Amino acid sequence: MNMSDTPRILVVDDEQRMCDSLDTLLTKAGYQVQTAGDGKRALELYGESDFDLVISDIKLPEMTGIELLQAIRKGDPNAMVILMTAYASLDTALAAINMGAYDYLMKPIEFTQLKLAAKRALEKRELEIARQKLLAELQVKNDLLNRRIAEVDALYQAGVVLSQSQELKPLLTRIIRLALDVIGASVGSVMLVDEIRGELLVSASVGLSDEVKRKTRVRIGESIAGHVAQTG
């Protein structure tokens, strides 16, 4: 659904009287309505605005209603489209439904039938948007849970590493790798204080060249690392 509380409907028909009639009827029913006289203009309007429903004749200049349906749903797979026609056939109806049309109505249009089809199409779109929002929220929570599990595992692995008798550099390197795995980074380092020089030097790293490690010097109190070393 668009940001407004009022659903927006795009009506597409090359008969101006039909556009005007549906515009009036749907507006009275509480919808915001915009019209287009051909498929090309309809596609432009759909790309420029946020429509909740398209109601289109099948027989149109520039492109057919079926082609408009295909173009719209290519960019927006969840688009709701109702097709109208005065030249009904089983093949056309099946083609429309198979390509994603929500409904297929015969002209002359019974407004009660159209209003019901529009209501149901808009409800379906709103439910689909709500479903996708819920799935996105669940994915975020799932990612957060996986991150927390990774953090706990990393802490456990770090505890195992620290409990083992190792030289400092390989010990720190293993801890860096655990930390990088948790945050999804590829480069990291541990800097230790050189008490004599009052500087931080790279003691262990992953992803840093030897030249960078050799040249990196941070005075206590300077930059983020130096500030952390100074304040604890």
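See the structure printed just above.
Residues numbered from 1 in each chain as written. Predicted model: local features only at pLDDT ≥ 70, side-chain atom pairs only at ≥ 80, totals over all residues. Heavy atoms only, no water.

Draft legend 1. Expanded view of the packing of aromatic side chains. Going through the model one piece at a time under the given rule, you end up with one aromatic pair. A ring pair is formed by tyrosine 46 and phenylalanine 51, whose centres lie 6.3 Å apart and whose planes are at 20°; its orientation type is stacked. Its relative accessible area of 13% is what places tyrosine 46 among the buried residues. Judged by relative accessible area, which is 2%, phenylalanine 51 ranks as buried. For the cation-ring pair, arginine 8 lies above phenylalanine 51, with the distance from its terminal atom to the ring centre recorded as 4.5 Å. (Phe/Tyr/Trp six-rings, centres within 6.5 Å; stacked < 30°, edge-to-face > 60°. Buried < 20%, exposed > 50% of the residue type's maximum accessible area, 1.4 Å probe, protein only. Lys NZ or Arg CZ within 6 Å of the ring centre and 35° of its normal.)

Draft legend 2. Summary view of the sheet that holds strand β2 (residues 32-36). Here five strands make up an open sheet; going across it, the order is β2-β1-β3-β4-β5 and the pairing parallel. Unpaired on one side and paired on the other, β2 and β5 (103-106) mark the two borders of the sheet. Across the sheet, the mean angle from the axis of one strand to that of its neighbour is 20°, orientation sign disregarded. When strand β4 (residues 81-85) meets β5, the two strands line up parallel, connected through four bridges. Bridge pairing links methionine 84 to leucine 105 in β5. Packing of helix α3 (residues 65-75) onto the sheet brings it into contact with β1 (8-12), β3 (53-57) and β4, and relative to β4 it is tilted by some 175°. (Pairing = 2+ DSSP bridges. Helix = DSSP H or I, 4+ residues; strand = E, 2+ residues; numbered from the N terminus. Axes fitted to C-alpha atoms, helices over the stretch in contact; angles between N-to-C directions. Contact = heavy atoms within 4.5 Å.)

Draft legend 3. Spatial organisation of the packing of helix α2 (residues 39-48) against α3. Two elements in contact, α2 and α3, have axes separated by 10 Å at closest approach and are oriented at 20°. One element, α2, and the other, α3, form an angle in the roughly parallel class. By crossing handedness, the relation of α2 to α3 is classed as right-handed. Facing Gly39, Ala42, Leu43 and Tyr46 of α2, the residues of α3 in contact are Leu68, Ala71 and Ile72. (Parallel < 35°, antiparallel > 145°, perpendicular 65-115°, else oblique. Left-handed = near helix turned anticlockwise from the far one by under 90°.)

Draft legend 4. The side chain of serine 205, seen in detail. Among the secondary structure elements, serine 205 is positioned in strand β7 (residues 199-206). Accessibility expressed as a relative area gives 13% for serine 205, which makes it buried. Serine 205 has contacts with Thr173, Ile176, Gly188, Ser189 and Lys213, leaving out every residue within four places of it along the chain.

Draft legend 5. Structural detail: the nonpolar core. In this structure, Leu10, Val12, Val54, Leu68, Ile72 and Leu83 are the most contacted members of the largest nonpolar core, which totals 22 residues. At four residues, the largest contribution of residues to this core is made by α3. When near neighbours in sequence (up to four residues on either side) are disregarded, leucine 10 contacts Gln34, Thr35, Ala36, Ala42, Leu45, Tyr46, Phe51, Leu53, Val54 and Ile55. Grouped together as the second largest cluster of nonpolar side chains are 18 residues, Cys19, Leu26, Leu53 and Ile55 included. (Core = buried A, V, L, I, M, F, W, Y, C linked by side-chain atoms within 4.5 Å.)

Draft legend 6. How the structure looks around the pairing of β3. In terms of burial, β3 is largely enclosed, as five of its five residues are buried. With burial as the criterion, each face of β3 is covered, one bearing Leu53, Ile55 and Asp57 and the other bearing Val54 and Ser56. Examined bridge by bridge, β1 and β3 share four bridges and lie parallel to one another. In the sheet register, leucine 10 faces β3, and the bridge partner there is valine 54. Bridge analysis of β3 against β4 gives four bridges, and the strand direction is parallel. Across the sheet, isoleucine 55 pairs through a bridge with isoleucine 82, a residue of β4. Handedness of the crossover joining β3 and β4 through α3: right-handed. (Right-handed = clockwise from strand over helix to strand, strands pointing away.)

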